Every structure is written in C-alpha cells, then in structure tokens.
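Single-letter residue listing:
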Amino acid sequence: MDGHYFVSYSRHDGADFVSRLADTLAAGVPAYRLWVDVRELQPWQQGWDEQIAQAIQDCRGLLFVMTPDSVRPTSICRDEWGWALKYKKPVIPLRLGPGAGLPFRLQSRQYIDFDGAFDQGVARLRLFLTQLDGPEGVLRELRFRVADAERDLPRARDDNEAARIQQEMRELSRQIAEQERVVADPEGALTRTDVRIATDIAVQREPERTPSSPVSGVRVVNRPPMDRPSFFQDRHVETEMLAGFLRAEDTRLATVVGRGGVGKTAVVCRLLRGLETGRLPDDLGELPADGIVYLSTRSRHPVSFANLFTDLCALLPPETAEPLLGRYRDPHETPQGLMYALLEAFPSGRTVVLLDNFEDLLDPEPGAITEAALDEGLRALLSAPAHGVKIVITTRFGPRPLLLHEPGRQRRIDLDEGLPHPYAEMLLKARDPDGKLGLRDAPQEQLALARERTRGYPRALEALAGILAADRDSTLAEILDQTARLPDNVVTAIVGEGFLRLDPLAQQVMQALAVFPMPVPPVAVDYLLQPGRPTINSAPVLRRLVNTQFARRDAGRYYLHQVDREYALGRLAPGVLAELRSRGADYFTRVRPPQDKLQTLDDLAPHLAEFEMRFQAGDHDTAAQLLLSIDFAYLMQWGHYRQSIELHSRLAGRVTDPALRASSVYSRGLCHSYIGDFPTAIELLSSALDGFREAGLRENEGTALCGLGTCYADLGQTGKAMSLYEEALSISREIGDREGEAAALGNLGNRHSAAGRIDRAIELYEQVLAIAREVGYQQGEANQLHNLGERYAELGQYDKAMAHCRAALELSTRIGYRLVESAATNNIGRCLAQLGRWPEAIDHQRRAVETADEISSVQFRAEARRGLAEAHLGAGDTAAARAVIDEARTLVYPPSRAGIAVLDGIITLRAGGEAAPAFAEAVTLADQILAHNPADYETLDSKALALAGLALSGRPALVDEARATFRAARAVCAAPGVTAQVSARLATMAPADPTGLLKDL
C-alpha cells in the first residue's frame, strides 16, 4: 500500500476542483497524495479499467467528489466507490454544491462540504484524514460499516445472506465495543495493552519441550505441518503411489513436487496420519509403522541435518540414542558417518520422515540443497546398506542433484494438476457446511465453473470460499464473473483477491504473520504492530482469519500458507518490510529463554529466528553479533559445528564492522579446525588475524594466533605452533591482557606436555594458575590444578598429583564446574590404581562416570569408563571390566578410541576370547592420529600395546614392531609415571603370555 487516496469524480463537472485539491493536499503538511486518473493512468500499461481497479485496491481511502453528474445512478463513480466498500476502504464524500446529495448506500456517512470557501473545506478534509488511522477514525469507520449492515439486513435476498449480514454485525459490534473502550480511556487502554504484551512475552521465554508421543504403538516426533483435512477430496492416484513407496523395500526417498497451493502437504499428512493408526486411507489396507518424524522448514523446529538426526534418535531407546548423540557432538564425525551409524539402529521395520516445504532449502536455479550437512546426510541415507528409514519430501521444485543420486532408490510424484470433477466441487461444499456462503447449495454449473476458474487447486478453492466469508456482499456468481480472465498463477490471484477483501487490520495481521519466519503466538503480532496500533489485540482477528481459511493455527501459534505469505509480503514496500523485520527480530530478542534454560537447539529457536530476520532486514552486523554470542557457548558445545559454519558463511562479505567481520571469520575457522578441516581453518584464521591487525585489535590478534597455533599443533607441526603461541604471549604481555597471557601459557604448556617435557609444562601451568587466582577466574584455577595433577602423575609423584586433583575437585564442586569435577575424580582414581589401591580406585572411577553422565560429556564419559575398566581389570574382576568397556566402546571420542580398543582387546584376551579384531582396530585408529601427529606418545603407546596384543593373538612377528613403537614413544616421553602406567597395562597381558613373548618389551 503506497498511501495514496483514490479520487472518484466526474470529469464533466469536477475536473478543475479535483486538480486544485490534489495540488493543495500535496503541497501541505502533512502531504497527501491523490490518485487522479488523468494524471496517473499509463496508456502503455494494462487497460485503464485494470489500472483503476488496482489503484482502488491499493489506496488508503476513496474521496468521492459529489457533483450533479457524479451522483447520477448511471455514473461510473458508483462502481468505483462500490468497489472501495467491497475492499473495506474508507469512503469520504466531498460535496461541491447543494445539488449533489449522498447516494443511498452512503447515507450513513457525513460528507465534507466544499460548497463554501475552498480553504475551509481543505482544512476539514485534512483534519479528517489525520484522524482516519487514530482511535476515533477507526471507531467511525466501524460504525459506518455496521450502519451499512443494518441498512442491508432488511433487504437481504435470502436467509443465507441475512445470516452472513448478522454474523458481520456481531463481529463489528464486538470491534466497536472494544474500540469504544479505547476512545473512552486511551491511556488505560495503552497501559492494558503494554501489560498484556509484557506478560505474554514473559510466558514465551519459557522453553518448549515437545517429547515424542506414541499413537497406537507408533511413536511420533513433532506435530504434523497441518492437521488431517476433514474436507480432503480425491488424490487417490497420488495417495496410492505414496502408499506403494512406503510398502516397497527398495525405495528410500519420495519427492512430491507441485506448485504452491496444489495440496502436497495435505496429501502426505493425510497418508501419514492414517499410518499412525496402522490403516491407510482410501481403503489401501493396513500398514504397520514404528515411528514418524514430522519436520517443516516453516516451524520452530525446522528441517536441518541436526534436527533430522536428533529426531530419529528420539525414536530409539536411550541406551542406543545416547552413544549416537555423543558421536554427533564429536567434531570429527561427518554427516555421512553419522547417518550410517544412525541407520544401523533402524535395520528393519518402517520409520517415515516428512520434510515439508523443502524448496526453502533449495537453490532455485540448480535445485541444490543449500545446507551441505543435510545434503550429505540424505545422500548417505540413499547409499547406505539396507535399513528401515524412508523420507518423504514436499517441494515446489525438485532437488535435481539429489534426484540424480541413487535414482533407483527414489520416486518422484508430480502433483501439478488440480482436483477434477466432482472432488473440487465437493471440497467447495465442505467449506460451507451451514450454507451461509452459498456454496453448499450452489447450482452445479456454478460449482463446475469455479473448478475451471481455480483449475481445481485446493488453496485456490479455499481462498474462493474465504472471499465469500470476508465479503458478505459478494456471491459466487459475481466472483466467477470477476475472475473470468485469471493469469496463469491462479492461486496467487485468488489468494490476493481474498486478501484485498479483508479489513485493514486483518490485512496488517496477515502481513505481520508473513514477516515472521516461523509460526508465532498472538503476542508476536501485537508486538510487531503496536507502534502503528498502540492498543492492538490480534487474538480475535487471528481466530477470524483461521475460521475464514486465511491463516492456520498449530498449538497456539499462527502462520500462513506459503502462497498467502508471499502475497502479503509483496504488498509491503521494501523499506517498510525491513523495518518490520527489524522489529520482529526485537521480539525474538525479548523472548529468548534465560541462559540457564538453554539446553537444546530448540531452545535457541528465538536466537536463530532473530538472526534470520536481522539478516533479511540487511542488518548483518547485528546478526553477526548475535551469532557470535551463541556459536561458541552453545552451538559448538552441542556439536553443531557445521550449522555454525553455514550461518557464518552467509555473513561472508556482508558485515561492515571490521571487528565483527574478523570475529565471524575467526569463529568459522575455529569450527573448521574442530571438524578436522585444517587447510580451510588455517586460511580462515589467517584471514581473521589480518582483520584483527588491520582493526588494531591486539587482544583478538593474540586469540587468532593461538587458534592458528592449535591447528598447526594438531597437524604435528609443534615448532610452528609454539612460535605462534610465543607471539600471542608477547602481545598479551605487551597490552596487559592477563587472560590472553594465561591462554597462551596454557597452550605452550600443553605442547610441552605433548612433547614429553613435563617439567617445563608444570612451570607454565603454575604461571597460568597464578594468573587465574590473580584475576579471580575460578574455572581457570580449577583447570590448572587438574592439569598440574595430571603432570605430577606422569612424573610418578602420585601423592602430589592427588593433592592437586583434590584441590581441583573441591573448588570445581564448590563452583559447580562439573567437567573438572569429573576429570579430577578420574585422575585421582588412576593414581590410586597405580598404587594398587583397587577398591578406592574403583570408587573414584565410578563417581567420575556418574558425574560425566550427568553432564553428557562424551570425552569424560569415555575416559572415566576407561579408567573404571582398568581398575576392575587390575582388581581381577574381568566380567566387570567387560561390562564397562562395552559401554566405553559406544562413546566416540577420537583421542581415546585407540586406547579403549586396546583395553577391549586385553580384556578379551584375558577371558580367552578372540582379541585380534580389537587390537587390529586399535592399530588402525592409532595410525589415523599419528598420520597428523607422529610424535603423540600416548597414541604411540596405544599402538605398541595393540601390536603386542596382536603378537599374542597369532602374529608373533609383530613383537619387533611393538618394541620399535615403544622406543619411539619413550624417545618423546620417558617420564616415570608414563612408563609405569604403560608397563602396568603391558603386565595385564602377562597371564595370556605363557611363553614370555613380551618379556623383553
């Protein structure tokens, strides 16, 4: 809406007045633009009647200039102001002389008299226009409309029309009563609105928890995108094709393709709701299912690889799901590897996933999936060995590259045609159960013509019924006459016609819903529209829109069909749309859950929606700032490294603030380093380093140097890494950044420790500990106490090691730092085990396991179980060791996998089983790490132990390689505690070495 006022007048006796009025209003303050045909009509565009109709549809109101010629019954003006009434536009009569009286249908309105001085009339008109959008103006228009209805009621053509008029009168009376309260006490109304919005926002801050629910034995995750349509018609062929896909063992993915409004989602949801009960619709027979997952790009829980993976895990028993979720949090896992592992948990049966509105995730031109992780995961689902998971995609256009991958395992179902006779007619009748709209009892010829006009598209048929519900003056015959020449995009055209028949508030509410990227409660709409409508209460409007098929509701949240959404957004000027998106983002800022309630990706839905709205509004700097506040603290901690990469990648080249731009690049580089993509990580971190230097951000420069150093360390380039850490340390000391200094010192300590220089590592950790205490950083203090404990254990100084770990345990317990609590308890247990105090060691390791399980840390869960299994083995309880190591094997933490596999082999060997596979796996896992870092002495020791185990398992020649590998490890680190621990592990194999094959090792 461009804010103009359409002028309806007669050129015969009103042209000079209209020209003068248009110039005067345009020049005044505030200025008002009048749409005058002789000035606005463009002869090279569409026909003049279409241009006039468009101008009336888009206007803020219609000025009817009453002259003797314009009020004649045959005047074209009658059609113009009649259309304005139909589109709920204010009609403002302007009388030029005593010979021009109000037409009958406008009798309830007061005209503005220009029969005297022109300037006085302009002043009265300007005041009227100024008040039009205010409380008094809104109330006046509502009263005009109810007066029109009261006039029309006695003249109703039949009972159905009378019922429609009465229904509108009831709704208008409700709106009038509410508006009268606003006018009577504007301050009180504003206060009540503010309080209601604030209260509802506080409610929305509580995170939602939507667990899976069993339906007749079928577990269902998430609500379907739409309820089972009670008025569903036809689609028997497509439904049967989908049913065949579900039954077939050789197909895994079905793509339902069709234009917006054709009924794709309805077809699939109807079928799957039947599947929930075990019986398919249309007498297609029984079909059992184990689980159903519903995902839609338009929901708070949208389609993504993360949600696909976690939702499928929700269908599994906890003991199966937890290890898989632990693997997801491992940055070294790939989407393909994760999907393969997940599908192994669904070896048979039938589990169906719906990915609705998939076009939102496709690049329109090539049809490629824009989320790389999801694309890789879906390809893995198609390529994996036999499994029981099937995916159904609904989309406006096909994902062409995906459709070419394993095409024999896919089906494409095109849904381009509308409903045929008699199903389209039956759907129309179903939308009018009481007959008030004239559809239920309409002549068959009219219903058939409606099917032809709409081409049978379900959303167009719904919108046709919506037009009749929104405009009591219209009949089916009139609408069919007005839609004789519809464009190819018939659904959009009819949806748009329905939108234009709504009153201004309902249109604004629809546009507010369209602005939000996901379903929202009424308070979101109220917050968005309040600047322009201070006493807004959208809840009754939303209910009315749902009842008339213009909006949809799901669990108290409202949204639009995508066709309606696109049309409503298209009515907004770009600048207005950007402003609304910015304010919508502010709403999501206010409904973020408290930080202590953030536990899952769904809890970050407001943050991610805010990011999306700020990005769409072009506020990329604020979007970057928001993303930086959640990526390391939550997304990375929960394993969503690839999602963080994707979001930061979208900001590339768009962020203007140098610090934010470099920080975004740094975070992206950090994620690439976590997933093991070191070349990309080094490139990005180097770019971030340059950005920080250009911006003069010395503190951030040190952080980037440390990040680069860690990449080179992981690649085994220790010298390069330590050089970068030293440079970061120098910068931190130069600028007095004590925390940065501590980070650099800690990294240097880690590298010296990894290189076997334990004493030097201890010196550096002591410096870090002193800084942590100086700045009051208690988590850092606990970390360094634990690090020192580990290093003293490596030196064989167990009492000193346990003293430091107990201090770390006491501090971390007091401040609630559960990670160090688990790690310190585990290290105490290891020291006790080295001293042969098995019962105490077992007790501490059990406590370490319990704490690690409570915080769901895959690293500490794996390490604690490894320690507990070793303690049981040392105590001679092989069965208990077996039970614990089996649990540890399900927890994928790459640095521990080789050592855990070795321990598995030793336990198997001690029990007389076939241990070679476990030892061989340990060698493979160790080699993967050593390929990057050949001087990793812990991994060298694990490989040597595995080779020794293989030597005892029928390959005695490997004892020489084991000896050489041990020597390589000792060349790096020969600390007494390290040597003692390796010797103890080697000694556990002695009972399986009667010939003394390993005695010289």
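Counting restarts for each chain, with residues numbered from 1 along the sequence as it is written. In keeping with the model being predicted, local features are shown solely for residues with a pLDDT of at least 70 and side-chain atom pairs are shown and tallied solely at 80 or more, while totals for entire chains, interfaces and linings include all residues. Neither water nor hydrogens contribute to the side-chain values; these are computed over all heavy atoms in the structure.

## Looking at the packing of helix 21 (residues 504-515) against helix 24 (residues 562-570)
So, step 1. Only the stretch in contact is used when fitting a helix axis, every axis being a line fitted to C-alpha atoms; angles between N-to-C directions are given from 0 to 180 degrees. In DSSP terms, a helix is any run of H or I states spanning at least four residues, a strand is any run of E spanning at least two, and both are numbered starting from the N terminus. Packing of helix 21 against helix 24 brings their axes to within 8 Å, and their N-to-C directions diverge by 110°. Between helix 21 and helix 24, the crossing angle belongs to the class labelled roughly perpendicular. Touching Met510, Gln511, Ala514 and Val515 of helix 21 are Asp564, Arg565, Ala568 and Leu569, all from helix 24.
So, step 2. Of the residues belonging to the contact of helix 21 with helix 24, the class tally is five nonpolar, one polar and two charged. The cut-offs work like this: below 35 degrees is roughly parallel, past 145 is roughly antiparallel, 65 to 115 is roughly perpendicular, and the gaps in between are oblique. Two residues form a contact once any of their heavy atoms are found within 4.5 Å. Residue type decides the class: Asp, Glu, Lys and Arg count as charged, Ala, Val, Leu, Ile, Met, Phe, Trp, Tyr, Cys and Pro as nonpolar, and the leftover types, Gly among them, as polar.

## A few points about the packing of aromatic side chains
So, step 1. Any two rings among Phe, Tyr and Trp, with Trp reduced to its six-membered ring, count as a pair given centres within 6.5 Å; such a pair is stacked if its planes are under 30 degrees apart, edge-to-face if over 60, and tilted if neither. One pass over the structure, following the stated rule, counts 19 aromatic pairs.
So, step 2. Arranged with centres 5.7 Å apart and planes meeting at 90°, the rings of Phe516 and Phe588 form a pair that is edge-to-face. One end of the pair, Phe516, is in the loop between helix 21 and helix 22 (522-529); the other, Phe588, is in helix 25 (residues 574-590), and 72 residues separate them in sequence.
So, step 3. Buried means the residue's accessible area, taken with a 1.4 Å probe over protein chains only, is under 20% of the maximum for its type, while exposed means over 50%, and partly exposed covers the values in between. A residue is classified by how much of its surface remains accessible, and Phe588, at 2% relative accessible area, is buried.
So, step 4. For the pair Tyr587 and Phe588, a centre-to-centre distance of 5.3 Å together with 65° between the ring planes defines the contact as edge-to-face.
So, step 5. What links up through ring pairs into an aromatic cluster is the set Phe516, Tyr527, Tyr587 and Phe588.
So, step 6. The criterion for a charge sitting over a ring is simple: Lys NZ or Arg CZ within 6 Å of the ring centre, and within 35 degrees of the ring normal. A cation over a ring is seen here: Lys86 above Trp83, with NZ or CZ 5.9 Å from the ring centre.
So, step 7. Just above the ring of Tyr712 sits the side chain of Lys720; from NZ or CZ to the centre is 5.4 Å.

## Structural notes on the UniProt feature "repeat: TPR" (unreviewed entry) in the protein chain
So, step 1. The feature "repeat: TPR" (unreviewed entry), as annotated in UniProt, sits at residues 702-735, 742-775 and 782-815 in this numbering.
So, step 2. Note that residues 782-815 is 91% helix and 0% strand, and that its end C-alpha atoms are spaced 10 Å apart. UniProt positions are given in the numbering used here, feature names are shortened, and annotations may be inferred rather than shown by experiment.

## A short note on the nonpolar core
So, step 1. Take the buried Ala, Val, Leu, Ile, Met, Phe, Trp, Tyr and Cys residues and link them wherever side-chain atoms come within 4.5 Å; each set so joined is a nonpolar core. By size, the foremost hydrophobic cluster in this structure holds 115 residues, and its most contacted members are Phe64, Leu242, Leu275, Leu545, Tyr587 and Phe588.
So, step 2. Beyond its immediate stretch of four places on either side in the chain, Phe588 contacts Phe516, Pro517, Met518, Val520, Pro606, Ala609, Glu610 and Met613.
So, step 3. Judged by nonpolar contacts, the second largest core, of 79 residues, contains Leu785, Leu809, Val982 and Leu986.

## Some details on the pairing of strand 1 (residues 5-8)
So, step 1. Both faces of strand 1 are covered, namely the face carrying Tyr5 and Val7 and the face carrying Phe6 and Ser8.
So, step 2. Across two bridges, the pairing between strand 1 and strand 2 (residues 34-35) is parallel. Note on strand 2: the bridge partner recorded for Tyr5 is Leu34.
So, step 3. Regarding topology, helix 1 (residues 11-27) serves as the crossover connection from strand 1 to the parallel strand 2, and that connection is right-handed.
So, step 4. Summarising the sheet, strand 1 and strand 3 (residues 61-66) pair through four bridges and their orientation is parallel. Its bridge partner lying in strand 3, Phe6 is registered against Leu62. Think of it this way: DSSP has to see at least two bridges between two strands before they count as a pair. With its strands directed away from the observer, a crossover is right-handed exactly when the path from the first strand over the helix to the second travels clockwise.

## Comments concerning the pattern of salt bridges
So, step 1. In what follows, salt bridge is the name for a side-chain nitrogen of Lys or Arg lying within 4 Å of a carboxyl oxygen of Asp or Glu. Inspection of every chain in the model, using the stated rule, returns 77 salt bridges.
So, step 2. Of the charged contacts in the structure, one is a salt bridge between Arg501 and Asp471, with a shortest N-O distance of 2.7 Å. Of the two residues, Arg501 is situated in the loop between helix 20 (490-500) and helix 21 and Asp471 in the loop between helix 18 (458-470) and helix 19 (476-482); the sequence distance between them amounts to 30 residues.
So, step 3. Look at Arg501 and you get buried, because its relative accessible area is 0%.
So, step 4. One connected set of salt bridges, linked through shared partners, spans Arg105, Arg109, Arg145, Asp148, Arg151, Asp152, Glu168, Arg472 and Asp473.

## What to know about helix 27 (residues 620-635)
So, step 1. For helix 27, which comprises 16 residues, the first-to-last C-alpha distance of 19 Å sits more than 12% below the rise-based estimate of 22 Å (1.5 Å per residue).
So, step 2. Those residues of helix 27 that sit buried are His620, Asp621, Ala623, Ala624, Leu626, Leu627, Ile630, Asp631, Tyr634 and Leu635.
So, step 3. Against the buried residues of helix 27 lie helix 26 (605-616), helix 28 (641-651) and helix 29 (658-674). A helix is expected to reach a length of 1.5 Å times the quantity of its residues less one.

## Focus on the state of the cysteines
So, step 1. Two cysteine sulfur atoms make up a disulfide if the distance between them is within 2.5 Å. Enumeration according to the criterion identifies zero disulfides in this entry.
So, step 2. No disulfide involves Cys59; its sulfur sits 14 Å from that of Cys77, the nearest cysteine.
So, step 3. Note on Cys711: no disulfide assigned, nearest cysteine sulfur contributed by Cys671 at a separation of 11 Å.

## A short note on the environment of Ser983
So, step 1. Summarising the element assignment, Ser983 is placed in helix 45 (residues 976-987).
So, step 2. A C-alpha to C-alpha distance of 8.9 Å links Ser983 and Leu1001, two positions 18 residues apart in sequence.
So, step 3. There is a polar contact of 2.9 Å between the side chain of Ser983 and the backbone oxygen of Thr979. Two N or O atoms count as a polar contact when they lie within 3.5 Å, although within protein this holds only if one can serve as hydrogen donor and the other as acceptor, and sequence-adjacent residues are included solely when both atoms are side-chain atoms.

## Comments concerning the sheet that holds strand 5 (residues 112-113)
So, step 1. Reading across the sheet, the five strands line up as 2-1-3-4-5 and stay open at both edges, with parallel pairing between neighbours. Of all the strands in the sheet, just strand 2 and strand 5 have a single pairing partner and so form its edges.
So, step 2. Helix 4 (residues 76-86) contacts strand 1, strand 3 and strand 4 (91-95) of the sheet and is inclined by roughly 150° relative to strand 3.

## Digging into helix 9 (residues 236-247)
So, step 1. The end-to-end C-alpha separation of helix 9 is 16 Å, in line with the 16 Å expected for twelve residues at 1.5 Å each.
So, step 2. Along helix 9, the residues that are buried comprise Glu238, Thr239, Leu242, Ala243, Phe245 and Leu246. Projection of helix 9 onto a plane perpendicular to its axis shows the buried side chains occupying an angular sector of 155°, all on one side. Facing away from the buried side of helix 9 by more than 90 degrees, the exposed set consists of Val237 and Glu240.
So, step 3. Close packing links the buried residues of helix 9 with strand 8 (253-257), helix 10 (264-277), strand 10 (351-356), strand 11 (389-395) and strand 12 (410-414). It is the directions from the helix axis to the C-beta atoms that the arc portrays.

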